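Residues per chain are reported as follows:
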Amino acid sequence: MCRLIAITSDTPVSPMAAVRALDVMREGHDGSGVGLMLRDLGGPFEEMKDAPILSGIFTEAGIRKLDSFMINLGFLTKYKISIKIPKQTPPGIPRRDMYLIRAYEYPEDWEDLSGAEKTARLLRVRLDLREMGRSENDMIVFSFWPDTIMIKEIGDPLAVGKYLGLDNERLHARVIMGQGRQNTNYAIDLYACHPFFIEGYSTMTNGENTAFVPIREYLEGRGEPGYTGFFSDSEVFVHILHYMHTHLGLGLPAYKHLITPLQESDMEAHPDGEFLYHLKRTCRKLIIDGPNCVIGVLPDNTMFMAQDRKKLRPGVVGGKPGMYVFSSEVCGLDYLLPDRNKQYDLEPMHLDTAIVVPDRREVTLCRQTEPLDLPH
Amino acid sequence: MQTDGAIGPSTLSLKDLPWQILWDKERCTLCGRCTAVCPVGAIELKVFRKRAVNVDVDFSKPGKRGGNVFGTFYGIHQRTSPAFACVGCAMCTLACPNDCIGPVAADEADKLRFHINQGGQAERRGGRRNDPGGILDRIQFTRISMLTDPALDAGRHEFELTTLLGRIYPPEKNMEMLRENGWIPPVREIYPLIIGGMSFGALSPTMWEGLQLGVTYLNEELGMPVRISTGEGGCPPRLLRSRFLRYVILQIASGYFGWDEIIHAIPEMKVDPCAIEIKYGQGAKPGDGGLLMWHKVNKLIAAIRGVPEGVSLPSPPTHQTKYSIEEAVAKMIQSMYMAWGFRVPVYPKISGTSTALSVLNNLSRNPYAAGLAIDGEDGGTGAAYNVSMNHMGHPIASCLRDCYRNLVSLGQQNEIPLFAGGGIGKSGNLAANAAALIMLGASGIQVGKIVMQAAAGCLGSETKRCNICNIGRCPKGITSQDPRLYRRLDPEDVAGRLVDMFVSFDTELRKIVAPLGRSTSLPIGMSDALGINDKDAADRLDIRYVV
Ligand code: SF4
Ligand code: SF4
Ligand code: SF4
């Protein structure tokens, strides 16, 4: 079972804090990898909220390929953070040439594009790069999106964090997601590392989605080029979230209704019963199964946690106005916020979604039996 | 054989028959029950000759001593003419109070098969393809949840295993229709095991009543939304006008039998039927219409079907009024929708065929098509030509799989539910076969023969046992219209057994899906759970090859 930690804070926090929290929960991960997503960035990126940031791992050859590709498209490097790689690589961490975090200036001819067109093109660039790196394994691309950095590496989270010098002030962020990996895939593939990301939406999961194959097949048929990869059975969570928002126009409280719909008796008593009935039928192929605790972040940096239908996984949300932590175990939360009022800790149950909106004043618990705020 | 007797081409000996009767003279009391019960008159009471050698040991008397003593005794004789060949039903064994009679399968291929066509009449029978076993029994469920995702508890956890029958719009379109109060196709949430079309007429009144009773009990007492198709033969008038009609799928086929009655009953219906099934084909006899032989067309059947008594009722192979797929499918579906004010799902049923994909492609563009039922080559029937049963048709597994894969490539796998039938549970592995097909992409399963076997004690088998459903002499009273025979079947017992069958199926289905970590929805298309120890089959079905 993997370990999850997510922080949302008014003041930027070091990613190392998340890594240390994962280390506290280390009993649950086997040190096979760590994944981090940083958003609402502090540091130098504060000044360039709109510039798309490319995160990934490259070889020397890969970098050259990248540069010529990006220049061809008209992208200019705006800013970059260099991660100094120590000479000695600790055991269990592979040797890499370069961890890239680079913000770009949009090409001139993109300036007049609509928002949707721009996001579609950014996605296209990321997928192209991913494809280009596939054969030689010389480019691994995690995200290409404004105000977003992703770092993933194989190895023990704390060792990786120290090795990459993640205490770097320039990496501080207000929204951080981190996963300490318990490898349940046969071979470790970095693309199978959580968190997963698409167009500003990201999720990470602690569990196993046993309905993966039918869901993947359904998502692949939605005509979205970004619904691809599927190296992990948990990757579909982020696509379902994205699909719900962008295709169905539904808000976060509907997410649980998609992945774990109510049963008939509850639905009959629900004020939006008819709508939910239709949603359940038409989105039947998106129903998840198995034990899963999902933590996710929306493009506006709203953070949430939702559980599977049977609430088979742990998960806790706690904090105080200004800073909240979503954690798979209480000890991770305790480590980051020892002085919070523990009475206000919440453990979302099988019908709940715990939500912290970007003002970070409180945790809202949204139950599936409550009325939905439907678009009309 | 008398020395002066003629040996004709079709003169058979006991050895030439598929079933030989073993009779124990020592225990027989000559009560005659066996001969009375035999549905085909294969055995009769006969006078046999016997000879005893009388040895006279009194040598004092002159003349001839001792010698042969000829006499007679009574016993059971098996007839050998093709018309009276034993069918191995073993009703004689069942009836015998002294356990002294019973059929034994021949130890080599019979010769009867070459002589069954007396008078040029090709063999006709009931039952299904004479070939036991099949690919479904070989599919294993290999993706067992272990430590990474603990298996669920089949007895304790909540399971949601219903399925949907009806056309489902893509989510975007459905929401738009909901907003604009547009028409959204009717959808039924039903149990994934459906009792497939066995007509009133093919089945006896007691069997039909028992099934309806059982279905009602399952729905109203156990909360299992089980549905039953009428088959082609109409529906009893009182059922049409009762609230129980909601559990019934009305079938219309090329003979349109019973539809006059149904159409006239529409204004008086209290509830809508579950769905309308348009039968274009049947797995047991693809390309051949339904057939109810005259023996079974009595007064009641004639009345319900709207035909004269005592005539054979063949349905044409195709719907005669249609000449193209657009006609056959689109118009007929639409008219059926219209009849019930667009409130009842209408779907076609076809036999398994390599052309199923073209039908499906047509349906996928027709927003009214509520699903597609495919009946594979192992499906059963009440009456068909032996050659159709044994040699025509397509196995259900690959046919269903191709259709599902096709829907996946169109992104329409949630929109048109596929229902698979034909030999499911043939070897008794009902839940395993059904679950395998569901994971290959079926939304639900249609069964018929196993219902007769489990709920009414049908004796038929794929090794030529019984299978005389066509002649109206079903020894169990399942497929007979003769009151002397169908009185053998008590509807309440049938209902009770039907309930047993469904409840145990439900337990087994949970015992399959729980270890796979599935409980929140029926695992339709969860092909990653399946494995088979045959590389070619694995490739063909796109599942894991395991050895
Ligand atoms: S097995 Fe059936 S068909 Fe054969 S003799 Fe006995 S009762 Fe008649
Ligand atoms: S039923 Fe049994 S005892 Fe009676 S005649 Fe037949 S074989 Fe003999
Ligand atoms: S028992 Fe009846 S239904 Fe079964 S095979 Fe024999 S005749 Fe047909």
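Residues numbered from 1 in each chain as written. Chains lettered and ligands numbered in written order. Predicted model: local features only at pLDDT ≥ 70, side-chain atom pairs only at ≥ 80, totals over all residues. Heavy atoms only, no water.

### Some thoughts on the overall build of chain A
For the record, the criterion: Helix numbers and strand numbers start at the N terminus; a helix is a DSSP run of H or I with at least 4 residues, a strand a run of E with at least 2. Computation of the radius of gyration draws on C-alpha atoms alone. For the globule rule, the value is 2.2 Å times the number of residues to the power 0.38. Here, residues are in contact when the closest pair of their heavy atoms is within 4.5 Å. Each accessible area is a Shrake-Rupley estimate made with a 1.4 Å probe; only the visible protein chains count as cover when residues are assessed. All tallies of charge rest on Lys and Arg as positive and Asp and Glu as negative; His and the ends of each chain are not included. Charged groups are reduced to one reference atom each: NZ for lysine, CZ for arginine, CG for aspartic acid, CD for glutamic acid.
Counting secondary structure elements, chain A contains 10 helices and 16 strands. Against the 2.2 N^0.38 benchmark of 21 Å for 376 residues, chain A shows a C-alpha radius of gyration of 20 Å, consistent with a compact globule. Dimensions of chain A along its principal axes, counting C-alpha atoms only, are 60 × 45 × 40 Å. Within chain A, counting contacts between residues at least 6 apart in sequence, those at least 24 apart form 74% of the total. Summed over all atoms, the accessible surface of chain A reaches about 13,800 Å², with 50% contributed by carbon and sulfur. For chain A, the separation between the mean place of its 42 positive charges and that of its 52 negative charges on side chains is 4 Å.

### Examining the domain arrangement of chain A
All names here are of chain A. We apply this condition: Per the annotation, domain bounds derive from an automatic or database assignment of domains. By buried area we mean how much accessible surface two parts lose on assembly, using a 1.4 Å probe and totalling the loss over both. Whenever Lys or Arg places a side-chain nitrogen within 4 Å of a carboxyl oxygen from Asp or Glu, that contact is recorded as a salt bridge. Under the grouping applied here, Gly and all other residues not named as nonpolar or charged are polar, the nonpolar ones being Ala, Val, Leu, Ile, Met, Phe, Trp, Tyr, Cys and Pro and the charged ones Asp, Glu, Lys and Arg.
Once the domains are mapped, chain A shows domain 1 (3-49 + 147-367) and domain 2 (50-146). Contacts between the two partners involve 34 residues from domain 1 and, on the opposite side, 40 residues from domain 2. Three residues stand out in domain 1 for area buried against domain 2, namely Met48, Tyr163 and Tyr191, and they jointly supply 26% of the buried area on that side. Inspection of the domain 1/domain 2 interface yields 1 salt bridge. Among the salt bridges present, the one from Glu153 reaches Arg96, with a minimum N-O distance of 2.7 Å. Of all the secondary-structure elements, those providing two or more residues to the side of domain 1 that touches domain 2 are β2 (34-41), β7 (148-153), α4 (157-163) and β9 (196-198). In terms of residues, the side of domain 1 that touches domain 2 owes the most to one element, β7, which gives 6 residues. A breakdown of the residues in the side of domain 1 that touches domain 2 according to their chemical character gives 19 nonpolar, 7 polar and 8 charged.

### Things to note about the nonpolar core
Rules: What we call a nonpolar core is a set of buried Ala, Val, Leu, Ile, Met, Phe, Trp, Tyr and Cys residues that are connected through their side-chain atoms within 4.5 Å. Residue exposure (1.4 Å probe, protein chains only): buried if accessible area is under 20% of the type maximum, exposed if over 50%, otherwise partly exposed.
Counting 125 residues, the largest nonpolar core has Leu250, Trp340, Leu437, Met439, Ile445, Val451 and Phe502 of chain B as the members making the most contacts within it. When sequence neighbours within four positions are dropped, the list of residues in contact with Leu250 of chain B reads Thr230, Cys235, Leu240, Leu245, Trp259, Ile262, Pro273, Ala275, Ile276, Glu277 and Trp340 of chain B. Within the second largest apolar cluster, 83 residues are counted, among which are Val19, Val34, Phe75 and Trp110 of chain A.

### Digging into the site of ligand 3
Just so we agree on the cut-off: Working definition: residue near molecule or strand if any one of its non-hydrogen atoms lies within 4 Å of it.
Around ligand 3, the neighbouring residues are Lys449, Cys458, Leu459, Gly460, Cys466, Asn467, Ile468, Cys469, Cys474, Pro475 and Thr479 of chain B. Counted by class, the shell around ligand 3 contains 7 nonpolar, 3 polar and 1 charged residues.

### Here's the deal with the site of ligand 1
As a structural note, the neighbourhood of ligand 1 is formed by 14 residues, with Cys38, Cys86, Cys89, Ala90 and Cys92 of chain B the closest of them. Residue composition of the shell around ligand 1, by class: 13 nonpolar, 1 polar and no charged.

### Examining a nonpolar patch on the surface
Residue and element names in this part refer to chain B. Here is the rule we go by: Patch membership needs two things, relative accessible area over 30% and no salt bridge, and members are linked within 9 Å if like-charged or within 5 Å if nonpolar (Val, Leu, Ile, Met, Phe, Trp, Tyr).
A cluster of nonpolar side chains, contributed by Leu30, Leu45, Val47 and Tyr74, occupies part of the molecular surface with about 390 Å² of accessible area. Within the secondary structure, Tyr74 is located in strand β3 (residues 67-78). Judged by its relative accessible area of 49%, Tyr74 is partly exposed.

### Some points on the interface of chain B and chain A
Going by this rule: The term polar contact refers here to a pair of N or O atoms within 3.5 Å; inside protein, the definition further demands a hydrogen-donor-capable atom paired with an acceptor-capable atom, and it admits residues adjacent in sequence only when both atoms are side-chain atoms.
With 39 residues of chain B in contact, the opposing surface of chain A contributes 35 residues. Between chain B and chain A, roughly 3,500 Å² of surface is buried when both sides are summed, and carbon and sulfur atoms account for 51% of that area. Counting the contacts that link chain B with chain A gives 5 salt bridges. Among the ionic pairs, Arg518 of chain B bridges to Asp289 of chain A, the shortest N-O distance being 2.9 Å. The interface formed by chain B and chain A holds 23 residue pairs in polar contact (both at pLDDT 80 or more) in total. Looking at the side of chain B that touches chain A, the elements that each hand over two or more residues are β7 (163-165), α3 (171-179) and α11 (396-410) of chain B. If one sorts the elements of the side of chain B that touches chain A by residue count, α3 of chain B sits on top with 5 residues. The class makeup of the residues in the side of chain B that touches chain A is 15 nonpolar, 15 polar and 9 charged.

### What about the pattern of salt bridges?
A full pass over the atoms with the stated rule returns 51 salt bridges over all chains. Here Arg113 of chain B makes a salt bridge to Asp110 of chain B, at a shortest N to O gap of 3.2 Å. Under the relative-accessibility criterion, Arg113 of chain B is labelled partly exposed at 40%. The class for Asp110 of chain B is buried, based on a relative accessible area of 5%. Asp542 of chain B is the salt-bridge partner of Arg401 of chain B, the closest N and O atoms lying 3.9 Å from each other. Separated by 141 residues along the polypeptide, Arg401 of chain B in helix α11 and Asp542 of chain B in the loop between α16 (535-541) and β21 (544-545) bring together distant segments of the chain. Connected through salt bridges with shared partners, the residues Asp10, Asp40, Glu46, Lys49, Asp147, Arg174, Arg360 and Arg361 of chain A form a single ionic network.

### Brief notes about the domain arrangement of chain B
As a measure of interface size, the accessible area lost when the parts come together is often cited. All names here are of chain B. On domain assignment, one finds that chain B holds domain 1 (14-121) and domain 2 (135-545). Placing a centre on the C-alpha atoms of domain 1 and another on those of domain 2 gives a separation of 44 Å. Taken together, the contacts link 13 residues of domain 1 with 12 residues of domain 2. Across the interface of domain 1 and domain 2, roughly 900 Å² is buried in total on both sides, 59% from carbon and sulfur atoms. Applying the counting rule to domain 1 against domain 2 returns 1 salt bridge. When the shortest N-O distance is used, the salt bridge between Lys464 and Asp110 registers 3.5 Å.

### With respect to the layout of surface pockets
In this approach the atoms are scanned with a rolling probe the size of a water molecule, which exposes any empty space left behind. Residue and element names in this part refer to chain B. Note the threshold: Method remark: on a 1 Å grid restricted to protein atoms, a set of points is classed as a cavity if a 1.4 Å probe fits but cannot get out and as a pocket if it is open with protein on both sides within 12 Å along at least five of seven lines; lining residues have an atom within 4 Å of a point. Grid points are joined across faces, edges and corners, and a volume is the space filled by probe spheres set on the points.
One number sums up the size of the largest pocket: a volume of about 990 Å³. Looking at the lining of the largest pocket, the elements that each hand over two or more residues are β5 (124-127) and α10 (386-391). Class assignment for the residues of the lining of the largest pocket results in 16 nonpolar, 8 polar and 7 charged.

### What about the packing of helix α4 (residues 205-220) of chain B against helix α15 (residues 491-513) of chain B?
All names here are of chain B. What counts, and what does not: Working convention: axes come from line fits to C-alpha atoms, limited for helices to the stretch in contact. Angles between N-to-C directions cover 0 to 180 degrees. Should an angle lie under 35 degrees it is considered roughly parallel, over 145 roughly antiparallel, and from 65 to 115 roughly perpendicular; all remaining angles are considered oblique. With the far helix as reference, a near helix turned anticlockwise by less than a right angle produces a left-handed crossing, and one turned clockwise produces a right-handed crossing.
Where α4 contacts α15, the axes come no closer than 7 Å and their chain directions differ by 45 degrees. When the axis of α4 is compared with that of α15, the two are oblique. Crossing hand, α4 versus α15: right-handed. Taken together, the residues of α15 that come into contact with α4 (itself represented by Thr206, Met207, Glu209, Gly210, Leu211, Leu213, Gly214, Val215, Tyr217 and Leu218) are Pro491, Glu492, Val494, Ala495, Leu498, Val499 and Phe502. Partitioned by chemical class, the residues of the contact of α4 with α15 number 12 nonpolar, 3 polar and 2 charged.

### A closer look at empty space enclosed by the protein
Inspection of the entire model under this criterion finds 14 cavities of 30 Å³ or more. Of the volumes computed, that of the largest cavity is approximately 610 Å³. In terms of lining residues, the largest cavity is bounded by 41 residues, among which Gly197, Met198, Gln282, Gly380 and Thr381 of chain B are the most central. Counting only elements with at least two residues in the lining of the largest cavity, the list comes to β13 (291-292), β17 (381-385), β19 (444-447) and α13 (449-456) of chain B. Here the lining of the largest cavity is composed, by residue class, of 13 nonpolar, 19 polar and 9 charged. Considered as a void within the structure, the second largest cavity measures approximately 170 Å³ in volume. Looking at the second largest cavity, it is lined by 14 residues, and the ones nearest its centre are Lys280 and Arg284 of chain A together with Glu160, Thr162 and Leu164 of chain B. Looking at the lining of the second largest cavity, the elements that each hand over two or more residues are α9 (273-282) of chain A together with β7 of chain B. In terms of residue class, the lining of the second largest cavity is built from 5 nonpolar, 4 polar and 5 charged.

### Quick word on the sheet that holds strand β14 (residues 323-327) of chain A
Residue and element names in this part refer to chain A. How we decide: Two strands pair if DSSP finds at least two bridges between them.
An order of β7-β2-β8-β1-β14-β13 is seen for the 6 strands of this open sheet, with the pairing classed as antiparallel. Whereas interior strands pair on both sides, the edge strands pair on one side only; in this sheet they are β7 and β13 (316-320). Taken pair by pair, the neighbouring strands of this sheet meet at an average axis angle of 10 degrees, ignoring direction. One ladder, built from 7 bridges, connects strand β1 (residues 3-13) with strand β8 (residues 173-180); its direction is antiparallel. Considered in β8, the bridge of Ile5 is made with Gly178.

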